[in-house]
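# An overview of the molecular structure
The lines below spell out each chain.
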Amino acid sequence: MSIALGYGLITCQRVPDDPRSDEEIYAQALDLAVHAEELGFDSVWVSEHHFVDDGYLPSLLPMCAAIAALTQRIAIGTGLLLAPLFEPIRLAEDAAVVDLISRGRLVLGLGLGWRDEEFEVLGVPLRERVGRLEDTIAVLRQAWAGEPVTGGPVVGYPAPYVTPGPSRPGGPPIWLGAISEPAVRRAGRMADGFMATDVVPSSFAEQVGWAREERSRAGLAAEGLAVGAWLPTYVYEGDADDAWKMILPLHHLAAWKYEDMSEARRRAGPPTGPPAIDAQTESALRQAMVFGTAAEVAEQILRFAESADGDLHYIARLYWPGMDLELQRRSMELFMGEVAPRLR
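What this report covers is the structure whose coordinates are included nearby. The structure presented is a predicted model; accordingly, all values stated were derived computationally and were not measured.

Rules of the game
Residues numbered from 1 in each chain as written. Predicted model: local features only at pLDDT ≥ 70, side-chain atom pairs only at ≥ 80, totals over all residues. Heavy atoms only, no water. Helix = DSSP H or I, 4+ residues; strand = E, 2+ residues; numbered from the N terminus. Expected span 1.5 Å × (residues − 1). Buried < 20%, exposed > 50% of the residue type's maximum accessible area, 1.4 Å probe, protein only. Disulfide = S-S within 2.5 Å. Contact = heavy atoms within 4.5 Å. Salt bridge = Lys/Arg side-chain N within 4 Å of Asp/Glu carboxyl O. Core = buried A, V, L, I, M, F, W, Y, C linked by side-chain atoms within 4.5 Å. Phe/Tyr/Trp six-rings, centres within 6.5 Å; stacked < 30°, edge-to-face > 60°. Lys NZ or Arg CZ within 6 Å of the ring centre and 35° of its normal. Axes fitted to C-alpha atoms, helices over the stretch in contact; angles between N-to-C directions. Parallel < 35°, antiparallel > 145°, perpendicular 65-115°, else oblique. Nonpolar A, V, L, I, M, F, W, Y, C, P; charged D, E, K, R; others polar.

Next up on the list: helix 3 (residues 88–102). Between its terminal C-alpha atoms helix 3 stretches 21 Å, which fits the 21 Å expected from 15 residues at 1.5 Å a residue. For helix 3, the full list of buried residues reads Pro88, Ile89, Leu91, Ala92, Ala95, Ala96, Val98, Asp99 and Ser102. Immediately beyond the C-terminal end of helix 3, within one or two residues, lies arginine 103, with a positive phi of roughly 60°.

This is the structure:
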């Protein structure tokens, strides 16, 4: 069994009544990324959205470059970069530069995107997102192989070469985030890795099966597909009820914000808070989270690894917007000091 451990997802979101400046929020995020390397995490991950009132991180590759310049060993992943919103050749160039700065540590996680406002403002038809994602992957593969780029938007024009090339031969691994069966199968067929979220061990096992089946149909080795999952995670010491009361509002805010994004179109001013938590919402939040003592959290992660037949890149969502910085650092230390030894 092989379990890699990631830290994320860094989003640099501002919570209601947040006293920090944007400069402080980004400085703290970089501090936590460096601390993740110091503690022995295998990877650190950032996440993207646009035009959200809480300042959700909109520009992933500059953030990855900053992390790369401050670290030496840790892999740096995008979870996820919304590929249909990017011009593919420029993405190939930018990712290659980040890979060079990091000396081959970039993992390019791509997603389809779903939020209407992002596509409308950036002038991309939402209905074209699947085709654009697939074209982007084709362009990246050609560009990073040192071949003239003939696919995607350059059809009919002189084929360019993308220079400089990335540090890693063939370029950074491309992972696809997916939830629906067609998207999961696409990841198995086209990507180097599949990233899951909002799963329990049984649904995760089903998704891994789809991805590997599709990979085999494409004539590729099923075992060659990396498998990852990112889930809200919190390991506590002390009283369980006190720990849950502390993390619940932060977990609620992070989950609700995804629902609120559709309602937050062109919303100006400081971010608003979520509605009150009812019993049904609390129960759903509890089921969606890996929460417990070090032994309990390790046991839950092992169940996910078993669902992936023993090989898993588990990305612990330990970055909590609004959590005190020292408490964030302490939760990371507990995870790597008490959970990681049970998994490695």
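As enumerated under the stated definition, the model contains 0 disulfides in all. Not engaged in a disulfide, the cysteine cysteine 12 finds its nearest cysteine sulfur in cysteine 64; these two sulfurs lie 11 Å apart. For cysteine 64, a relative accessible area of 0% puts it in the buried group.

Turning our eyes to something else, we now look at the side chain of arginine 115. Within the fold, arginine 115 resides in the loop between strand 5 (106–111) and helix 4 (116–121). Setting aside residues no more than four positions away along its own chain, arginine 115 makes contact with His50, Phe51, Val52, Met261, Ser262 and Ala264.

Along helix 6 (residues 181–190), the residues classified as buried are Ala183, Val184, Arg185, Arg186, Ala187 and Gly188. Those residues of helix 6 that are buried are in contact with helix 5 (129–144), strand 6 (174–177), strand 7 (193–196) and helix 7 (201–217).

Before going further, it helps to spend a moment on the pattern of salt bridges. Close approach of charged atoms allows side chains of opposite charge to pair. All chains considered together, the criterion is met by 25 salt bridges. Here glutamate 181 and arginine 185 are joined by a salt bridge, their closest N and O atoms 2.9 Å apart. Here glutamate 181 pairs with arginine 185, and both are found in helix 6, just 4 residues apart, close to one helical turn. Since its relative accessible area comes to 33%, glutamate 181 is described here as partly exposed. Under the relative-accessibility criterion, arginine 185 is labelled buried at 13%. Where glutamate 214 meets arginine 189, a salt bridge forms, and the shortest distance between an N and an O atom there is 3.3 Å. With glutamate 214 in helix 7 and arginine 189 in helix 6, the pair connects residues that are 25 residues apart, well separated along the chain. Taking relative accessible area as the criterion, arginine 189 reaches 33% and is therefore assigned partly exposed. Here the salt bridges share partners, and the residues they tie into one network are Glu134, Glu181, Arg185, Arg186, Arg189, Glu213, Glu214 and Arg217.

This part covers the nonpolar core. Soluble, globular proteins show a tendency: their nonpolar side chains are buried together. Grouped together as the largest cluster of nonpolar side chains are 83 residues, with contacts concentrated most on Tyr7, Ile10, Leu110, Phe194, Phe204 and Phe335. Setting aside residues up to four positions removed in sequence, tyrosine 7 forms contacts with Leu32, Ala36, Phe41, Ser43, Val44, Trp45, Ile315, Ala316, Leu318, Tyr319, Gln328 and Met332. Within the second largest apolar cluster, 12 residues are counted, among which are Tyr234, Leu250, Met289 and Trp320.

Attention now goes to the environment of alanine 218. Structurally, the position occupied by alanine 218 is in the loop between helix 7 and strand 8 (226–235). Judged by its relative accessible area of 39%, alanine 218 falls in the partly exposed class. Remark: the alpha-carbon pair of alanine 218 and leucine 9, spanning 209 residues in sequence, is separated by 31 Å.

This part covers the packing of aromatic side chains. Applying the stated criterion to the full structure yields 9 aromatic pairs. Between tyrosine 234 and phenylalanine 291, the ring centres sit 6.5 Å apart and the planes meet at 15°, which makes this aromatic pair stacked. Placement of the pair is tyrosine 234 in strand 8 and phenylalanine 291 in strand 9 (residues 290–292), with a sequence separation of 57 residues. The pair formed by tyrosine 234 and phenylalanine 291 is uniform in burial state, with each residue classed as buried. Among the aromatic residues, ring-to-ring pairing joins Tyr234, Tyr236, Trp244 and Phe291 into one connected group. When the ring centre of tryptophan 244 is taken as origin, the NZ or CZ atom of arginine 286, which lies over that ring, is 5.7 Å away.

All right, on to the packing of helix 8 (residues 240–260) against helix 9 (residues 279–287) then. Their axes nearest at 10 Å, the elements helix 8 and helix 9 cross at an angle of 90°. Between helix 8 and helix 9, the crossing angle belongs to the class labelled roughly perpendicular. Residue-level inspection shows Trp244, Leu248, His251, His252 and Ala255 of helix 8 in contact with helix 9, the latter providing Thr281, Glu282, Leu285 and Arg286. Partitioned by chemical class, the residues of the contact of helix 8 with helix 9 number 4 nonpolar, 3 polar and 2 charged.

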